[in-house]
Amino acid sequence: MDRFSIKRIWYLLKLDYSHSPEAWIGNTASAFAAMTVLTLSLLWLGDFTSFEDFANRVMIILVALISAGVAINSAMMFSSMNTKPKRTAYLTIPATHLEKFVVNTFEVTVALAIQALAGFFLADAVRIYLLQPMFSLPADYDQWIMTLMIKMLAGKTVFIDHGGIAVSTTLLFFLWMQSFFVAGSALWRRYPGQRTIAVGIIMVITIIGIFDLVPDVSYINTEMIEWGVSAWTLINWILAYRFFTRSQLK
């Protein structure tokens, strides 16, 4: 068997789509429901002075929801191997380890992002064309929050207040968190999310303890932290692939 084949990659994607279409639809529906409930609740309970104030509040809560969604989906990346029958069936698929890993990675990164954005934009449309006239909101509320968020991530606007945290730092945090849960999913077949969270808590406590022992940490700047997190993210992905290939041999 060749080392890497686009045809086999496409076959694996079609196989996943045909076997679990509800999962793909569910991601978009979950994003739509979360965004709709969020905006409806804020409009119902909140007292906003402007659209900027409303958008800031949406963004803050949305970041937390996206974090949870990324963690859950990443922890389920290798759910197709969480039981022996599933693992046996997965091993019989005619594809290499690398191809299976690439497909799983695509599904929890690119595909998940597209599904979530579709759900968020649909919810944004409901807010603009249904909730805005329902709540008699000012004309400037017809702006697309998701468009503003994409511009912010691209560094083209500072419309949204991010509390002084750089956009690059936020993106790195998401990428690191995803890689951390992916590695956990590859390492543990049962309860990967819970076990990864437990390890993460232990690591945070350990890091805090180490910093408490160091007399001077003033030399550590944002650039050093970002480089360190980037390296850690890469290591997580490498470990995830190693765990994945070894688990298939058991």
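The coordinates are above.
In this report, we go over the structure that sits alongside the text.

About the criteria used
- Residues numbered from 1 in each chain as written.
- Predicted model: local features only at pLDDT ≥ 70, side-chain atom pairs only at ≥ 80, totals over all residues.
- Heavy atoms only, no water.
- Core = buried A, V, L, I, M, F, W, Y, C linked by side-chain atoms within 4.5 Å.
- Buried < 20%, exposed > 50% of the residue type's maximum accessible area, 1.4 Å probe, protein only.
- Helix = DSSP H or I, 4+ residues; strand = E, 2+ residues; numbered from the N terminus.
- Expected span 1.5 Å × (residues − 1).
- Bend = angle between axes of the 7 residues up to and from the residue.
- Salt bridge = Lys/Arg side-chain N within 4 Å of Asp/Glu carboxyl O.
- Arc of directions from axis to C-beta.
- Phe/Tyr/Trp six-rings, centres within 6.5 Å; stacked < 30°, edge-to-face > 60°.
- Polar contact = N/O pair within 3.5 Å; in protein donor to acceptor, adjacent residues only side chain to side chain.
- Axes fitted to C-alpha atoms, helices over the stretch in contact; angles between N-to-C directions.
- Parallel < 35°, antiparallel > 145°, perpendicular 65-115°, else oblique.
- Left-handed = near helix turned anticlockwise from the far one by under 90°.
- Contact = heavy atoms within 4.5 Å.
- Nonpolar A, V, L, I, M, F, W, Y, C, P; charged D, E, K, R; others polar.

### Quick notes on the nonpolar core
Counting residues in each nonpolar core, the largest one holds 21 residues, and the members touching the most others are Met35, Phe51, Phe54, Val58, Leu62, Phe120 and Ile145. Those elements giving two or more residues to this core turn out to be helix H2 (21–45), helix H3 (51–75), helix H6 (110–134) and helix H7 (145–153). Tallying contributions element by element places H3 first for this core, with six residues. Leu13, Met81, Val182 and Ala183 belong to the second-largest nonpolar core, a separate cluster that totals 19 residues.

### What to know about H6
With 25 residues, H6 ought to run about 36 Å at 1.5 Å a step, and its terminal C-alpha atoms sit 35 Å apart, in line with that. Within H6, the axis deviates most sharply at Arg127, by approximately 35 degrees.

### Considering the pattern of salt bridges
Counted under the stated rule, the structure contains two salt bridges. The shortest N-O distance in the salt bridge between Arg8 and Glu99 comes to 2.7 Å. A residue pair is termed long-range when its members are at least 10 positions apart, and Arg8 in helix H1 (residues 6–19) and Glu99 in helix H5 (residues 97–108) qualify at 91 residues. Residue Arg8 shares its accessibility class with Glu99, and that shared class is buried. In this structure, Asp124 and Arg127 form a salt bridge, with 3.0 Å as the shortest nitrogen-oxygen distance. Pair noted here: Asp124 and Arg127 are both in helix H6, with a separation of three residues, about one helical turn. No difference in accessibility class separates Asp124 from Arg127, as the two residues are buried.

### Topic: helix H9 (residues 192–213)
Here H9 is 22 residues long and its end C-alpha atoms lie 32 Å apart, about the 32 Å a rise of 1.5 Å per residue gives. For H9, the set of buried residues is Pro192, Gly193, Thr196 and Gly200. Around the axis of H9, the buried residues are gathered within 80 degrees of arc, so they sit on the same side. Facing away from the buried side of H9, by more than 90 degrees, are the exposed residues Gln194, Ile202, Ile205, Asp212 and Leu213.

### A look at the packing of aromatic side chains
Aromatic ring pairs are described here by two measures, namely the spacing of the ring centres and the angle between the planes. All chains considered together, the criterion is met by 15 aromatic pairs. With centroids separated by 5.9 Å and ring planes inclined at 45 degrees, the aromatic side chains of Phe101 and Phe244 adopt a geometry described as tilted. Residue Phe101 is located in helix H5, and its partner Phe244 is located in helix H10 (residues 222–247); the two are separated by 143 residues in the primary sequence. In terms of burial, Phe101 and Phe244 fall into one category: buried. Each ring, one from Trp176 and one from Trp232, has its centre 5.1 Å from the other, and the planes form 65 degrees; the classification is edge-to-face. Of this pair, Trp176 sits in helix H8 (residues 167–187) while Trp232 sits in helix H10, placing them 56 residues apart in sequence. By way of ring pairs, the aromatic residues Phe78, Phe101, Trp237, Tyr241 and Phe244 are connected into one cluster.

### Observations concerning unusual backbone geometry
Not every positive phi belongs to a glycine, and Ser136 is a case in point at roughly 55 degrees. Among the structural elements, Ser136 can be located in the loop between H6 and H7. In this structure, Tyr191 takes a positive phi of about 50 degrees despite not being glycine. The topology assignment puts Tyr191 in the loop between H8 and H9.

### Details of the side chain of Ser5
Here Ser5 shows up in the segment before H1. For Ser5, a relative accessible area of 15% translates into the label buried. There is a polar contact of 3.3 Å between the side chain of Ser5 and the backbone nitrogen of Lys7.

### Section: the environment of Arg242
By the secondary structure assignment, Arg242 is in helix H10. The partly exposed category is assigned to Arg242, whose relative accessible area is 42%. A sequence separation of 55 residues divides Arg242 from Leu187, and the C-alpha atoms of the two residues are 9.0 Å apart.

### Notes on the packing of H3 against H6
Helix-helix packing is described using two parameters, namely the angle between the two axes and the distance between the axes. Look at H3 against H6: their axes get within 13 Å of each other, and the N-to-C directions meet at 150 degrees. Our classification of the angle between H3 and H6 gives roughly antiparallel. Here H3 runs over H6; the crossing is right-handed. Every residue of H6 that contacts H3 at Phe51, Phe54, Leu62, Ile66 and Asn73 is listed here: Leu112, Phe120 and Arg127. Grouping the amino acids of the contact of H3 with H6 by side-chain chemistry returns six nonpolar, one polar and one charged.

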